[in-house]
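Here are the chains, one letter per residue:
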Amino acid sequence: MILLKCLPLSQHMIYVYPRMYALHQITEEDGPLYNVPVLQLTAERMSRRGAYLIDCGQQLIVWIGKEISDDFCTDVLAKDNYARLPECSANFPVLETPRSQCVCGFVKQLQSRRPHHPSVYILREDSRVSSLFTQHLLDDRTESSMSYYEFLVHVQKQLTK
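Criteria and cut-off values
- Residues numbered from 1 in each chain as written.
- Predicted model: local features only at pLDDT ≥ 70, side-chain atom pairs only at ≥ 80, totals over all residues.
- Heavy atoms only, no water.
- Helix = DSSP H or I, 4+ residues; strand = E, 2+ residues; numbered from the N terminus.
- Expected span 1.5 Å × (residues − 1).
- Buried < 20%, exposed > 50% of the residue type's maximum accessible area, 1.4 Å probe, protein only.
- Contact = heavy atoms within 4.5 Å.
- 1 Å grid on protein atoms, 1.4 Å probe; cavity = no way out; pocket = protein on both sides within 12 Å on 5 of 7 lines; lining within 4 Å.
- Points joined across faces, edges and corners; volume = space filled by probe spheres on them.
- Nonpolar A, V, L, I, M, F, W, Y, C, P; charged D, E, K, R; others polar.
- Pairing = 2+ DSSP bridges.
- Axes fitted to C-alpha atoms, helices over the stretch in contact; angles between N-to-C directions.
- Patch = residues over 30% accessible without salt bridge, like charges linked within 9 Å, V, L, I, M, F, W, Y side chains within 5 Å.
- Areas by Shrake-Rupley, 256 points an atom, 1.4 Å probe, with all protein chains shown as cover.
- Salt bridge = Lys/Arg side-chain N within 4 Å of Asp/Glu carboxyl O.
- Core = buried A, V, L, I, M, F, W, Y, C linked by side-chain atoms within 4.5 Å.

Compared with an ideal rise of 1.5 Å per residue, which puts 15 residues at 21 Å, helix α4 (residues 98-112) spans 21 Å between its outermost C-alpha atoms and is within 8% of the ideal. Among all positions of α4, only S100, C102, V103, C104, G105, F106, V107, Q109, L110 and Q111 are buried. The secondary structure elements touched by the buried residues of α4 are β1 (19-22), β2 (51-55), β3 (59-64), α3 (70-77) and β5 (119-124).

This is the structure:
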């Protein structure tokens, strides 16, 4: 509740509707400002060959797909392959590879935009706590709830009655 009262609107919106980015697509050409496109919060936009970051305000949660390339694991996570990754870890290792510097630079850029320093969690797809990531996929519809878009349409219909 305190956050609602003291955060600027731009920061508050991230708590309401997080942002998702494809880390495996960050390249050196993105430059120092890292203009990485924001993805829709749905599993349809994700691939098992990718690494995705959800910025949900107080946390930056990274999901690593089972089929991520060994090059990404080596260059960014300092592990030979997906199987050697820990189930859950905090922060990226500091490596001298260009790809690691790009990913770490992007994460630091996101952290620097906050009045507080959000924690980073790196989760494997098959992790027992991968729901920390998937719970933020607001545009996905479940059996017991509407997607975010369906909810907005429902609210609009209720307001026009």
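Okay, back to it.
The next subject is the environment of L132. On the secondary structure map, L132 appears in helix α5 (residues 131-134). Expressed as a C-alpha distance, the spacing of L132 and Y52, which sit 80 residues apart in the sequence, is 13 Å. Setting aside residues up to four positions removed in sequence, L132 forms contacts with I61 and L123.

To continue, consider the layout of surface pockets. Of the voids in this model, the largest pocket is the one considered here, and its volume is about 230 Å³. Forming the boundary of the largest pocket are 13 residues, of which F92, V94, C104, V107 and K108 lie nearest the centre. The biggest single contributor to the lining of the largest pocket is α4, with six residues. For the lining of the largest pocket, the residue count by class is six nonpolar, five polar and two charged.

All right, on to the sheet that holds β2 then. Judged by pairing direction, the sheet is mixed, and its five strands sit side by side in the order β1-β2-β3-β5-β4 without closing on themselves. Two strands lie at the open edges of the sheet, namely β1 and β4 (88-90), each paired on one side alone. Averaged over all pairs of adjacent strands, the angle between strand axes in this sheet comes to 20 degrees, irrespective of strand direction. As defined by bridge partners, β3 adjoins β5 across six bridges and the pair is classed as parallel. When the bridges of β5 are listed, I61 appears paired with Y121.

Here we come to a nonpolar patch on the surface. On the surface, a nonpolar cluster with roughly 360 Å² of combined accessible area is contributed by M146, Y148, F151 and L152. Here L152 shows up in helix α6 (residues 148-160).

The subject of this paragraph is the nonpolar core. In this structure, L23, L53, I64, F72, L77, F92 and F106 are the most contacted members of the largest nonpolar core, which totals 26 residues. Secondary-structure elements contributing two or more residues to this core are β2, β3, α3, α4 and β5. Among the elements that line this core, the one with the most residues is α4, at six residues. Counting twelve residues, the second-largest nonpolar core is a separate cluster that includes A22, C56, W63 and L137.

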